[in-house]
Amino acid sequence: MSSLRILSSVARRVPSVIGRRGYAEAVNDKLRLSFVLPHKALFTAQEVVQVNIPAESGDMGILANHVPSIEALRPGVVEVIEQTGSQKIFVSGGFATVHPNNKLTINVIEAAPLEDFSPEAVRANLAEASKIASGNGTEEEKTEARIEADVYEALQHALAK
């Protein structure tokens, strides 16, 4: 008997155990957040209600019982929602890993509370980075300035909200 016929005959006999996947449902469980930088931890397995992240694939809200996944983060705001309120933290990029059992790990190189930034300083630094990116410098200097300008643009957008 060919392997394809064996497989199809077995498949017909096995009851369907595959369920439908859908959106995460809000439940009473809490999400345990670990949010770390190379030099310190902002959260260490702290229970939170929800975390909103700026994933490369689009903004995501993560609740307890979220499907496990790994997401690259673009420059933007990570919002941590707790029972008592929320915190907005700007990140320059990194990774978020949703683990089974309601764990979320966020690893970033740079992060700071959104309220620590001055809109005027961001505007001035964005103008300087854009000037260098379009100037006569080396390709390395232009590339670094373009990355810097991208981060400042994301920061300026976050501050405008």
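Rules of the game
- Residues numbered from 1 in each chain as written.
- Predicted model: local features only at pLDDT ≥ 70, side-chain atom pairs only at ≥ 80, totals over all residues.
- Heavy atoms only, no water.
- Patch = residues over 30% accessible without salt bridge, like charges linked within 9 Å, V, L, I, M, F, W, Y side chains within 5 Å.
- Areas by Shrake-Rupley, 256 points an atom, 1.4 Å probe, with all protein chains shown as cover.
- Salt bridge = Lys/Arg side-chain N within 4 Å of Asp/Glu carboxyl O.
- Lys, Arg positive; Asp, Glu negative; His and termini not counted.
- Charge placed at Lys NZ, Arg CZ, Asp CG, Glu CD.
- Helix = DSSP H or I, 4+ residues; strand = E, 2+ residues; numbered from the N terminus.
- Buried < 20%, exposed > 50% of the residue type's maximum accessible area, 1.4 Å probe, protein only.
- Pairing = 2+ DSSP bridges.
- Expected span 1.5 Å × (residues − 1).
- Contact = heavy atoms within 4.5 Å.
- Polar contact = N/O pair within 3.5 Å; in protein donor to acceptor, adjacent residues only side chain to side chain.
- Core = buried A, V, L, I, M, F, W, Y, C linked by side-chain atoms within 4.5 Å.
- 1 Å grid on protein atoms, 1.4 Å probe; cavity = no way out; pocket = protein on both sides within 12 Å on 5 of 7 lines; lining within 4 Å.
- Points joined across faces, edges and corners; volume = space filled by probe spheres on them.
- Phe/Tyr/Trp six-rings, centres within 6.5 Å; stacked < 30°, edge-to-face > 60°.

K.L.:
What is the right way to read a negative patch on the surface from this model?
P.N.:
On the surface, a cluster of negative charge is contributed by Glu-128, Glu-140, Glu-141, Glu-144 and Glu-148. Sorting elements by how many residues they give to the negative patch places helix α3 (residues 139–160) first, with 4 residues.

K.L.:
Would you mind showing me how to read the pairing of strand β3 (residues 50–55) here?
P.N.:
Residues in a regular strand project their side chains so that they alternate between the two faces of the sheet. Of all 6 residues in β3, 5 are buried; the element is thus mostly enclosed. In this sheet, strand β6 (residues 76–82) lies alongside β3 in antiparallel orientation, the contact comprising 3 bridges. Within β6, the residue paired with Val-51 across the bridge is Val-80. Where β3 and strand β4 (residues 58–62) come together, 5 bridges link them in antiparallel fashion. Paired with Ala-55 across the bridge in β4 is Gly-58. Hairpin geometry of β3 and β4 is characterised by an intervening segment of 2 residues between the two adjacent antiparallel strands.

K.L.:
Would you mind going over α3 with me for this structure?
P.N.:
Structural remark: α-helix, 3.6 residues per turn; residues separated by three or four positions point the same way. Helix length check: α3, at 22 residues, gives a terminal C-alpha distance of 31 Å against a target of 32 Å (1.5 Å per residue), a fit within 8%. Among all positions of α3, only Ala-145, Ala-149, Tyr-152, Ala-154, Leu-155 and Ala-158 are buried. Contacts made by the buried residues of α3 are with β6, β7 (85–91) and α2 (119–133).

K.L.:
What should I look at first to understand the environment of Lys-30 in this one?
P.N.:
The topology assignment puts Lys-30 in the loop between α1 (3–13) and β1 (31–36). Residue classification places Lys-30 among the partly exposed positions, given a relative accessible area of 29%. The spatial distance from the C-alpha of Lys-30 to the C-alpha of Leu-63 is 7.7 Å, given a sequence separation of 33 residues. If sequence neighbours within four positions are ignored, Lys-30 has contacts with Glu-47, Val-48, Val-49, Ala-64, Gln-83 and Asn-102. Within the structure, Lys-30 has its side chain in polar contact with the side chain of Gln-83 (distance 2.7 Å).

K.L.:
Help me understand the side chain of Glu-71 in this model?
P.N.:
Tracing the backbone through its elements, the reader meets Glu-71 in strand β5 (residues 69–73). A distance of 3.2 Å separates the side chain of Glu-71 from the side chain of Ser-57, its partner in a polar contact.

K.L.:
Please clarify how the nonpolar core should be interpreted in this entry.
P.N.:
In a soluble, globular protein the nonpolar side chains are often hidden away together inside. Leu-33, Phe-35, Val-51, Ile-53, Val-78, Leu-104 and Ile-106 are the most contacted members of the largest nonpolar core, which totals 21 residues. Judged by nonpolar contacts, the second largest core, of 10 residues, contains Phe-90, Tyr-152, Ala-154 and Leu-155.

K.L.:
Explain the layout of surface pockets to me, please; I cannot follow it from the model alone.
P.N.:
Gaps left between atoms show up when a probe the size of a water molecule is rolled over them. Its volume calculated, the largest pocket comes out at about 310 Å³. Taken together, 16 residues make up the lining of the largest pocket; nearest its centre are Asp-59, Gly-76, Val-77, Ala-158 and Lys-161. If you list the elements that add at least two residues to the lining of the largest pocket, you get β3, β4, β6 and α3.

K.L.:
Looking at this model, I keep getting lost on the packing of aromatic side chains. Mind explaining?
P.N.:
For any pair of aromatic rings, the description consists of the separation of the ring centres together with the inter-plane angle of the planes. Throughout the structure, instances matching the rule amount to 2 aromatic pairs. Each ring, one from Phe-90 and one from Phe-117, has its centre 5.9 Å from the other, and the planes form 75°; the classification is edge-to-face. In this pair, Phe-90 sits in strand β7 while Phe-117 sits in the loop between β10 (111–113) and α2, placing the two residues 27 residues apart along the sequence. Phe-90 sits in the buried class, given a relative accessible area of 5%. When its relative accessible area of 26% is taken as the criterion, Phe-117 is described as partly exposed.

K.L.:
Explanation requested: unusual backbone geometry in the structure shown.
P.N.:
Apart from glycine, the bulk of residues carry a negative phi angle, and the bulk of peptide bonds sit in the trans form. One non-glycine residue, Ala-45, adopts positive backbone phi at about 50°. Along the chain, the position of Ala-45 falls in strand β2 (residues 41–48). Located in the positive-phi region is Asn-101, a residue other than glycine, with phi close to 65°. With respect to the helices, strands and loops of the structure, Asn-101 is situated in the loop between β8 (94–99) and β9 (103–108).

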